[in-house]
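Listed here are the chains, written in short residue letters.
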Amino acid sequence: MAATVTLVPLLPLAGCGGGGGGGATAGLAASDASAATGTGATADDTTDSSGEEAVSNDSDWLSGGTSAMQADFPPSDPFASGLGNTCTLTREYTLGPCYFQADEFAQDISAGEPGVPMALVLKLVDQACEPIADANIEIWFVNWEGIYSGDTTGSANTRSFNSGYCTGGDSGALASRWFRGVQTTDANGLVYFKCCFPGWYASRTTHIHVRIVRNNSEALVTQFCFDDDLCNDIYLNNPDYTGQAKDTGNNRDNVFGSDYADYQFEVERQWDSSMLAYKAIQIA
């Protein structure tokens, strides 16, 4: 594997964890600037001799969504040599208005969305830092445009979901369930999700929501973020994103505290330039 990228926490999302702001619709507005060039591409893209658009990728990261990933999935256990972060109790952070209960136990939760393909690995441990098996870890986050999916068909719990705010009324989002899923921890406390690096929306840093259910009881609701520089490199240079840097850094986010660095994912670039992101979570 390539060298680990040191991360710093990202933007705050209005409505998905407190604070006012544009919410998912801001992600739609951000994408307007690149609408003429296709899926997240910018005006710097050129046209090849056949007359078709040749989209350049000036970032160090793969584009094209999970179908472009060639690295092994699931990846090798990134925690084999240790937790990768201090084994301390993970703080609870707000559920936000964009949650509805997922029932997909599929590993690939991208629903064909573009983006930097990402293997996301989470490890659940107890207060003795020992792995917890048979717990459900559920995640949800926005796509490349900064929009949450909104197809609640069959969901057992939609009470917290603010559809208009979270989807911006986007018809594609309302008919989709991208980047929502749940996995059950194995004997090593691990779950693996195949997904894409999240986009961003106004007033929140780039983040992923996590909900843990153990023994049929909610054990934790929290959020994690990514390094600011990493995020903006991807947003500005990878053709699958809007071409606009996020408007909020981790240190200004309205959800994460001053210890935001403790809630950043560890990140590695895999041999195919897809991303491996991982984090250990400790619950009582």
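Residue numbers here run from 1 along each chain, matching the order of that chain's written sequence. In view of the model being predicted, local features appear only for residues whose pLDDT reaches at least 70, and side-chain atom pairs are presented and counted only at 80 or more, with totals across whole chains, interfaces and linings using the full set of residues. Side-chain measures were taken over the full set of non-hydrogen atoms in the model, leaving aside hydrogen atoms and water.

A. Structural view of the overall build of the protein chain. Summing up its helical and strand segments, the protein chain has four helices and 11 strands in all. Three labels apply to residues, based on accessible area from a 1.4 Å probe with only protein chains included: buried if under 20% of the type maximum, exposed if over 50%, partly exposed otherwise in between. Residue burial in the protein chain is summarised as follows: out of 284 residues, 55% are buried. Contacts in the protein chain between residues at least 24 apart in sequence constitute 81% of all its contacts with a sequence separation of at least 6. Method for areas: the Shrake-Rupley scheme with a 1.4 Å probe, in which residue coverage is limited to the protein chains shown. Just so you have it, the protein chain exposes about 11,000 Å², and 43% of that area is on carbon and sulfur atoms. Each helix is a run of DSSP H or I of at least 4 residues and each strand a run of E of at least 2, with the numbering of both proceeding from the N terminus. Whether two residues are in contact is decided by their heavy atoms, any of which lying within 4.5 Å being enough.

B. Representation of the nonpolar core in the model. I139, F197, F226 and M275 are the most contacted members of the largest nonpolar core, which totals 46 residues. Those elements giving two or more residues to this core turn out to be β4 (117-125), β5 (136-140), β7 (190-196), β8 (207-214), β9 (217-225), α4 (228-237) and β11 (275-282). Remark: nonpolar core denotes a set of buried residues (Ala, Val, Leu, Ile, Met, Phe, Trp, Tyr, Cys) joined through side-chain atoms within 4.5 Å.

C. Quick look at α4. For α4, every residue scored as buried is listed here: D228, L230, C231, N232, I234 and Y235. Of the surrounding elements, those touching the buried residues of α4 are β10 (266-269) and β11. Among the residues of α4, the N-terminal cap falls to D227, whose side-chain oxygen and the backbone nitrogen of D229 are separated by 3.0 Å. Two N or O atoms form a polar contact when they lie within 3.5 Å of each other; inside protein one atom must be a possible hydrogen donor and the other a possible acceptor, and for residues adjacent in sequence the pair counts only when both atoms belong to side chains.

D. Just the sheet that holds β5, in detail. Only when DSSP finds a minimum of two bridges between them are two strands counted as paired. Taken in spatial order, the four strands of this open sheet run β6-β5-β8-β9, and their pairing is antiparallel. The open sheet has two edge strands, β6 (180-184) and β9, and neither has a second partner. The mean angle between the axes of side-by-side strands here comes to 20°, regardless of whether they run parallel or antiparallel. In the sheet, β5 pairs with β8 via five bridges, with the strands oriented antiparallel. Note on β8: the bridge partner recorded for I139 is V210. Geometry is summarised by axes, namely lines fitted to C-alpha atoms with helices restricted to the contacting stretch, and by angles between N-to-C directions that run from 0 to 180 degrees.

E. Focus on the pairing of β6. Taking burial as the measure, the five residues of β6 include four buried ones, the bulk of the element. As defined by bridge partners, β5 adjoins β6 across five bridges and the pair is classed as antiparallel. Bridging across to β6, I139 finds its partner in G181.

F. Spatial organisation of the pattern of salt bridges. When a carboxyl oxygen of Asp or Glu lies within 4 Å of a side-chain nitrogen of Lys or Arg, that pair is called a salt bridge. A complete count under the given rule lists eight salt bridges for this structure. The partner of D253 in a salt bridge is R204, with the nearest N and O atoms 2.8 Å apart. With D253 in the loop between α4 and β10 and R204 in the loop between β7 and β8, the pair connects residues that are 49 residues apart, well separated along the chain. Among the ionic pairs, R211 bridges to E218, the shortest N-O distance being 2.7 Å.

G. Up close: unusual backbone geometry. The residue after F73, namely P74, is reached through a cis peptide bond having omega -5°. Mapped onto the fold, P74 is located in the loop between β3 (53-54) and β4. Even without glycine at this site, A111 takes up a positive phi of about 55°. Inspection of the secondary structure assignment puts A111 in the loop between β3 and β4.

H. Representation of the side chain of T242 within the structure. The topology assignment puts T242 in the loop between α4 and β10. With a relative accessible area of 7%, T242 lands in the buried category. Here the side chain of T242 touches Q244 through a polar contact of 3.4 Å, landing on its backbone nitrogen.

I. Layout of the environment of L83. Examined against the element boundaries, L83 turns out to sit in the loop between β3 and β4. Through-space distance from the C-alpha of L83 to that of K279 is 7.7 Å; in sequence the pair is 196 residues apart.

J. Representation of the confidence of the model for the protein chain in the model. Across the protein chain, the average pLDDT comes to 85, with 80% of residues at or above 70. Contacts for the low-pLDDT stretch residues 1-15, under 50 throughout, to residues beyond four places or in other chains number 97 contacts. The quantity known as pLDDT measures the predictor's confidence residue by residue, on a range of 0 to 100. This model gives residues 17-52 a pLDDT under 50, and the stretch forms 81 contacts once residues within four places in sequence are excluded.

K. Representation of the state of the cysteines within the structure. Two cysteine sulfurs form what is called a disulfide whenever their separation falls within 2.5 Å. Enumeration over the complete set of coordinates arrives at two disulfides. The disulfide bridge from C87 ends at C129, spanning 1.9 Å between sulfur atoms. Because the sign of the S-S torsion sets the handedness, a value of about -120° for the bond joining C87 and C129 places this disulfide among the left-handed ones. With a gap of 42 residues between them, C87 in the loop between β3 and β4 and C129 in the loop between β4 and β5 connect regions that are remote in the sequence. Judged by its relative accessible area of 24%, C87 is partly exposed. On the basis of relative accessibility, which here comes to 28%, the residue C129 falls in the partly exposed class. The disulfide that involves C98 links it to C166, with 2.0 Å between the sulfurs. Across the S-S bond linking C98 and C166, the dihedral sits near -90°, which makes this disulfide left-handed. Of this pair, C98 sits in the loop between β3 and β4 while C166 sits in helix α2 (residues 163-167), and the two are 68 residues apart along the sequence.

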